[in-house]
Amino acid sequence: MLSSSLARPLLCLCLAAGGLLSTGSAAAADGLTLALAPRGEAAVAQGAPFHFTARITSDHSITQGVFFDLIAPNGAKMTFARQLVAVPPGLATEISASVIPAQWFKQRGRYQIAASLDRQPAGSPLAFEVRAPTVTAPIFKDVSGPAGVATSLPSATCGRWTNGSAWADVDGDRRLDLVVTRMQAPLQLFLNRGSRFSEESAARGLSTAGYVSLGAVFADYDNDGDADLYLANDGPDLLYRNEGKGTFVNVTAAAGLGDDLSSVSASWGDYDRDGHLDLYVVNHSRCAGDVSLSQLQYHSDHLYHNNGNGTFSDATSLLEHDPSTTLDGSTIGAGFQAAWFDYNDDGRQDLYLANDYLGRSPDRNHLWRNDGLGPSGAWQLTDVSVDSGTSFSMNSMGIGVGDYNRDLKLDLAISNWGANRLLRNNGDGTFSDVAEQTNTARTFQREARRGVTWGPEFADLNNDGWEDLYIAAGYLVGYLTEDDTPQANEVFVNDRKGQFLDLSAVSGADDDGQSRGVAAADYDVDGRVDLYVVNQGGVPHLFRNLTPKGKTHWLEVNTIGTRSNRDGCGTKLILTVAGGKMRRDVYCGGTSVGSGSSKIVHFGVGAAKKLQSLEVTWPSGVKQVFRKLKLDRLVTLTEPRV
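Residues numbered from 1 in each chain as written. Predicted model: local features only at pLDDT ≥ 70, side-chain atom pairs only at ≥ 80, totals over all residues. Heavy atoms only, no water.

Asks: Sorry, what's going on with the overall build of the protein here?
Replies: In terms of regular secondary structure, the protein is built from five helices and 53 strands. When its C-alpha atoms are laid out on the principal axes, the protein stretches across 80 × 60 × 50 Å. Counting over 642 residues, the protein shows a buried share of 62%. For the protein, restricting intrachain contacts to residue pairs at least 6 apart in sequence, the fraction spanning at least 24 positions comes to 59%. A total accessible area of about 22,900 Å² is found for the protein, and carbon and sulfur atoms account for 49% of it. A distance of 8 Å separates the average location of the 56 positive side-chain charges in the protein from that of its 74 negative side-chain charges. (Helix = DSSP H or I, 4+ residues; strand = E, 2+ residues; numbered from the N terminus. Buried < 20%, exposed > 50% of the residue type's maximum accessible area, 1.4 Å probe, protein only. Contact = heavy atoms within 4.5 Å. Areas by Shrake-Rupley, 256 points an atom, 1.4 Å probe, with all protein chains shown as cover. Lys, Arg positive; Asp, Glu negative; His and termini not counted. Charge placed at Lys NZ, Arg CZ, Asp CG, Glu CD.)

Now the structure itself:
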């Protein structure tokens, strides 16, 4: 982060081996000087931003580029920022800046910031100390090979910019299985056999039918007790019904689904609370002509109502009058992801749509408030994007939903080309972007390299009771960037005080490939959330969570609806422990991009020694309170029928 102003004189403070040294500004040629100084103590906790200033004086008028390099304890160097600065003759210009070393380096110890003017060294380096983090850093290890899920994906092509994966127990053995989309390459279904996974897509009746698969999500749409699969394709989508024990049959045509468009993701949610999961399919675009971004052909999204008899009806008109025109419509654009979630706590699932701001007539993001049945008997979904403060025109790629500040209101994270957005739910129907003040914006990955982020996912990665934020990142070579500069994924750890620590390099999950979708699940049921990260033009990674448990505990909940949909999608759970309350909801797709995390809800509870209560509010409105649940286990809760 950089800002500049005319400044008063200041002193350059540097850390030396013996402690703090006070030195004057280092002189440069032609009466030009540059001095670096910390804003406060010359030390910072790992993952937190170190703030400093640079003061430039000159005897004559200059306009030059100021570059800042971060030098790690082992000598490794990263140019992290630059700024064009104008200095009036005889006056000074001051730049305020910050850097988070753990974005790139995992070491603690003595770091230095070195400045240069038009790449010529200027002034003395500023030294500072990186100390231990104030929270437990989550630790991951890539176990793709040993676990038997190693695979690879082709590179992105125009209009086919993302891929995803999804978790579910498809064969009823109480182990979470994994499906991975691979564009034109064959779909893969990995069955969890305990110590390893086994690829069994063909034996289980799954394939892409020759189409290009980009997204996947599981849900029990027919309420028969097993996980069905929806594939979002560039070409006709596919719905596979699970026949039991993990064998699938293609029922797309019979269900009335399978539009021949450029689908990238799908989200399940019961918007009318009739006990049957409805479906929102997000379509992006296809490239035409010279495949330039200005020649994109937009495709309309579709909302499908579940009729309860195995078929679906197109209900897109609930969101706009004429889906065939952009004049009155809000579902036509370069969409990437939609999320069902109850942002205003009225018991009805609302819908947020993240649109990519590309092409000749791009559309903004949309939030539809679910207002229930109207006077005419028709269901009402009202666009409140502008009033809610969520109508961003940005390159939205994915959505995360969670309650990061534990105020029991659902917040949003949105990925972007540029700064991420963290939308805090204000509780009055509006949201505020707090990414900058929470240290989650990360506009630039390094000097002159704007971030390109994809799948966000909230999860408590260190079991301290507070949700952290993982965001996949990766450039689009030939579209948004000309070269394949590595861009690490982002691991923001909740500091429990309203901000986040960037502990990406420390975590081991800072994959620098062209990452897209992220699917979270505790696949080994050890009480720690694991991550599957899909990389285009490379290899995906199964990051097993190996964070030391210490004195922390956890609880995981699998919901089974009876009056509500069988998966319990949309169920709200509020857990009370000695440290306060925390909220988790059941999602069936809708988060990250083109992916489906496990529907099993995970609570880390920190050092709490017992659970006081768990309040469960089902989509039907039925409420239950459980007061005798035990720690450190997965429990299955069933909605009462009456």
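Asks: Looking at this structure, I do not really get the pairing of strand β16 (residues 177-180). What am I missing?
Replies: It is a general feature of regular strands that their side chains alternate between the two faces of the sheet. Burial along β16 is two-sided: the face carrying Asp177 and Val179 and the face carrying Leu178 and Val180 are both buried. Alignment of strand β15 (residues 165-168) against β16, held across four bridges, turns out to be antiparallel. Bridged to Ser165 within β16 is Val180. Here β16 runs beside strand β17 (residues 188-192); their pairing, made up of three bridges, is antiparallel. Along β17, the bridge assignment pairs Val180 with Gln188. (Pairing = 2+ DSSP bridges.)

Asks: How should I be thinking about the side chain of His305 in this particular structure?
Replies: Structurally, His305 can be placed in strand β27 (residues 302-306). Not counting chain neighbours up to four residues away, the residues in contact with His305 comprise Tyr271, Asp272, Asp274, Asp278, Thr311, Phe312, Ser313 and Ala315.

Asks: Can you walk me through the confidence of the model for the protein in this structure?
Replies: Low-pLDDT stretches of the model should not have their predicted coordinates read in fine detail. In the predicted model, the protein carries a mean pLDDT of 91, and the fraction of residues at 70 or more is 92%. Low pLDDT (under 50) marks residues 4-29, which in the prediction has 64 contacts with non-local residues, meaning those over four places away or in another chain. (pLDDT = per-residue confidence, 0-100.)

Asks: Sorry if this is basic, but what is going on with the state of the cysteines here?
Replies: When the sulfur atoms of two cysteines share a covalent bond, that bond is a disulfide. On inspection of all chains with the given rule, the structure shows two disulfides. Residue Cys158 pairs covalently with Cys287 via a disulfide, S to S 1.7 Å. With the S-S bond torsion at -75°, the cross-link from Cys158 to Cys287 turns out left-handed. With Cys158 in the loop between α1 (144-147) and β15 and Cys287 in the loop between β25 (285-286) and β26 (297-300), the pair connects residues that are 129 residues apart, well separated along the chain. The exposure class assigned to Cys158 is buried, which follows from its relative accessible area of 14%. (Disulfide = S-S within 2.5 Å.)

Asks: Is there a simple way to think about the environment of Gly498 in this case?
Replies: As for its position among the elements, Gly498 is in the loop between β41 (490-494) and β42 (500-502). Judged by its relative accessible area of 32%, Gly498 is partly exposed. The contact partners of Gly498, leaving out residues within four places of it in the chain, are Tyr404 and Thr438.

Asks: Where do I start with the packing of aromatic side chains in this structure?
Replies: Two descriptors summarise a pair of aromatic rings, namely the distance from one centre to the other and the angle between the planes of the rings. This structure, assessed with the given rule, holds 21 aromatic pairs. On the numbers, 6.4 Å between centres and 85° between planes, the contact of Tyr230 with Trp268 is edge-to-face. Placement of the pair is Tyr230 in strand β20 (residues 228-236) and Trp268 in strand β23 (residues 260-269), with a sequence separation of 38 residues. Judged by its relative accessible area of 0%, Tyr230 is buried. Here the aromatic rings of Tyr271 and Trp340 are separated by 6.2 Å at their centres, their planes lie at 15°, and the arrangement is stacked. Note that Tyr271 is positioned in the loop between β23 and β24 (278-283) and Trp340 in strand β29 (residues 332-341), a separation of 69 residues in sequence. By the burial criterion, Tyr271 is buried, and Trp340 matches it. One aromatic cluster is present, built from ring pairs that chain together Phe50, Phe52, Phe68, Phe80, Trp104, Phe105, Tyr111 and Phe128. In this structure, Arg406 is placed above the aromatic ring of Trp466, and the distance from its NZ or CZ to the ring centre is 4.5 Å. Above the face of the Trp454 ring, Arg516 is positioned so that its terminal group lies 4.2 Å from the ring centre. (Phe/Tyr/Trp six-rings, centres within 6.5 Å; stacked < 30°, edge-to-face > 60°. Lys NZ or Arg CZ within 6 Å of the ring centre and 35° of its normal.)

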